Amino acid sequence: VQLVESGGGLVQPGGSLRLSCAASGFTFSSYAMSWYRQAPGKERERVAFISGGGGTTNYADSMKGRFTISRDNAKNTVYLQMNSLKPEDTAVYYCYARILLQHYWGQGTQVTVSS
């Protein structure tokens, strides 16, 4: 199993970024996927969740209305569209999958929101 994130970077407050997570090594469409983030000095927190078929999503309260999780099962990729970014969104963002009771994480991608 491999999860590879991309799309992070430096963005000004109010800006947007789209993160991608390319997955391999398992039947992607059969498993839910999540995005987590970890800010300096803070615990890792779940940002968003999407079911295997994409029909169910949920978000942490502070991301509702600003972030959108989606997936393309033909491309084995899950996305996180982040709009109206705030400085407090600065963190390393991780892709996560739980497959057959095993936990898998990507390497993370840094998102920095600053003017």
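Our structure is the block above this text.
Residues numbered from 1 in each chain as written. Predicted model: local features only at pLDDT ≥ 70, side-chain atom pairs only at ≥ 80, totals over all residues. Heavy atoms only, no water.

**Q** Hey, could you run me through the pairing of strand β11 (residues 109–113) in this one?
**A** For a regular strand, the rule is simple: side chains alternate between the two faces of the sheet. Side chains T109, V111 and V113 of β11 all project onto a buried face; the interleaved residues Q110 and T112 project onto a face where none is buried. Relative to β11, strand β2 (residues 9–11) runs parallel, the two sharing three bridges. Bridge pairing in β11 links G9 to V111. Note that strand β9 (residues 91–99) and β11 share three bridges and pair antiparallel. In the strand pairing of β11, A91 is matched with V111. (Buried < 20%, exposed > 50% of the residue type's maximum accessible area, 1.4 Å probe, protein only. Helix = DSSP H or I, 4+ residues; strand = E, 2+ residues; numbered from the N terminus. Pairing = 2+ DSSP bridges.)

**Q** Where do I start with the packing of aromatic side chains in this structure?
**A** Two aromatic rings, taken as a pair, are described by how far apart their centres are and by the angle between their planes. Per the stated rule, a full pass over the model turns up six aromatic pairs. Between F26 and F28 the ring centres are 6.1 Å apart and the planes differ by 55°, which places this aromatic pair in the tilted class. Each member of the pair, F26 together with F28, is buried. Taken together, a centroid distance of 4.6 Å and an interplanar angle of 50° make the contact between Y96 and W105 tilted. Taken together, the ring pairs connect Y36, Y94, Y96 and W105 into an aromatic cluster. The ring centre of F28 lies 4.2 Å from the NZ or CZ of R71, which sits over that ring. (Phe/Tyr/Trp six-rings, centres within 6.5 Å; stacked < 30°, edge-to-face > 60°. Lys NZ or Arg CZ within 6 Å of the ring centre and 35° of its normal.)

**Q** Can you help me understand the pairing of strand β4 (residues 33–38) in this one?
**A** Among the six residues in β4, five count as buried, and that is most of the element. Bridge count for β4 against strand β5 (residues 45–50) is five bridges, and the pairing is antiparallel. Looking across to β5, one finds that M33 is bridged to I50. Linking β4 back to β5 in an antiparallel pair, the connection comprises six residues, with G41 at a positive phi of about 75°. As judged from the five bridges shared by β4 and β9, these two strands associate in the antiparallel manner. Within β9, the residue paired with Q38 across the bridge is V92.

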